[in-house]
Amino acid sequence: MLNQLPTYKKVGFFASILATILMTGGLVLMFAIPGASKNDSIIGMLLTVPIVIGFICMLVAYFTGGIVEAFRMALNIGKWGWLVVPFPADIFTGIIATILALYVFIAFPVVPMYKSCKNYVMENGGYIE
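Residues numbered from 1 in each chain as written. Predicted model: local features only at pLDDT ≥ 70, side-chain atom pairs only at ≥ 80, totals over all residues. Heavy atoms only, no water.

## Concerning the overall build of the protein
In step 1: In terms of helices and strands, the protein carries 4 helices and 0 strands.
In step 2: Helices (α) and strands (β) of the protein occur, in sequence order from the N terminus, as α-α-α-α.
In step 3: For a compact globule of 129 residues, the expected C-alpha radius of gyration is about 14 Å, and the protein comes in at 18 Å, more than 25% above that figure.
In step 4: For the protein, the C-alpha atoms occupy an extent of roughly 50 × 50 × 20 Å along the three principal directions.
In step 5: Relative to its 129 residues, the protein shows a buried fraction of 33%. (Helix = DSSP H or I, 4+ residues; strand = E, 2+ residues; numbered from the N terminus. Rg over C-alpha atoms; globule rule 2.2 N^0.38 Å. Buried < 20%, exposed > 50% of the residue type's maximum accessible area, 1.4 Å probe, protein only.)

So this is what it looks like as structure tokens:
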């Protein structure tokens, strides 16, 4: 699939993989090391570096074509939350499910970016290997 993508989509896809690894690893280490989440901790300050680099990679991934797919996937998740729950709570459930899905896609941009790349290949007459 990667050989059928233009360069900007390849950069976005690899940036999304790097962002997922750095942000997830940084957050796991931040909560796993005792005292790292305190404001005055040197370890906590050092662990924010991969999280910030991962956030920048996430922005690169979404600006190269994944943001539309992320919103579309989040709205579909919110729609299912709206359909499953009965009437009085369905509106709030749909809105909260959409917002939570967007927060998850901030930490894991590889999911919507992969779907965006797959849709690009399929629209241009390619095939998925």
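## Notes on the environment of Lys115
In step 1: Summarising the element assignment, Lys115 is placed in helix α4 (residues 110-123).
In step 2: Taking the relative accessible area as the measure of exposure, Lys115 reaches 32% and is therefore partly exposed.
In step 3: Placed 46 residues apart in sequence, Lys115 and Glu69 show a C-alpha to C-alpha distance of 7.2 Å.
In step 4: The contact partners of Lys115, leaving out residues within four places of it in the chain, are Glu69 and Met73. (Contact = heavy atoms within 4.5 Å.)

## A word on the pattern of salt bridges
In step 1: Summed over the entire model, instances satisfying the criterion amount to 2 salt bridges.
In step 2: Residue Arg72 pairs with Glu69 through a salt bridge whose shortest N-O separation is 3.0 Å. Of this pair, Arg72 and Glu69 both sit in helix α2 (residues 42-84), 3 residues apart, which is roughly one turn of that helix.
In step 3: Overall, the relative accessible area of 43% leaves Arg72 in the partly exposed class.
In step 4: Three or more residues are tied together by salt bridges with common partners; here these are Glu69, Arg72 and Lys115. (Salt bridge = Lys/Arg side-chain N within 4 Å of Asp/Glu carboxyl O.)

## With respect to the packing of α2 against helix α3 (residues 87-107)
In step 1: Across the interface, α2 lies against α3 with an axial gap of 8 Å and an inter-helix angle of 155°. Viewed along their axes, α2 and α3 adopt a mutual orientation that is roughly antiparallel. Here the hand of the crossing between α2 and α3 comes out right-handed. Across from Met58, Tyr62, Ala70, Phe71, Met73, Ala74, Leu75, Ile77, Gly78, Gly81 and Trp82 in α2, the residues of α3 making contact are Asp90, Ile91, Thr93, Gly94, Ala97, Thr98, Ala101, Leu102, Phe105 and Ile106.
In step 2: For the contact of α2 with α3, the per-class residue count stands at 15 nonpolar, 5 polar and 1 charged. (Axes fitted to C-alpha atoms, helices over the stretch in contact; angles between N-to-C directions. Parallel < 35°, antiparallel > 145°, perpendicular 65-115°, else oblique. Left-handed = near helix turned anticlockwise from the far one by under 90°. Nonpolar A, V, L, I, M, F, W, Y, C, P; charged D, E, K, R; others polar.)

This is a description of form; function is not addressed.
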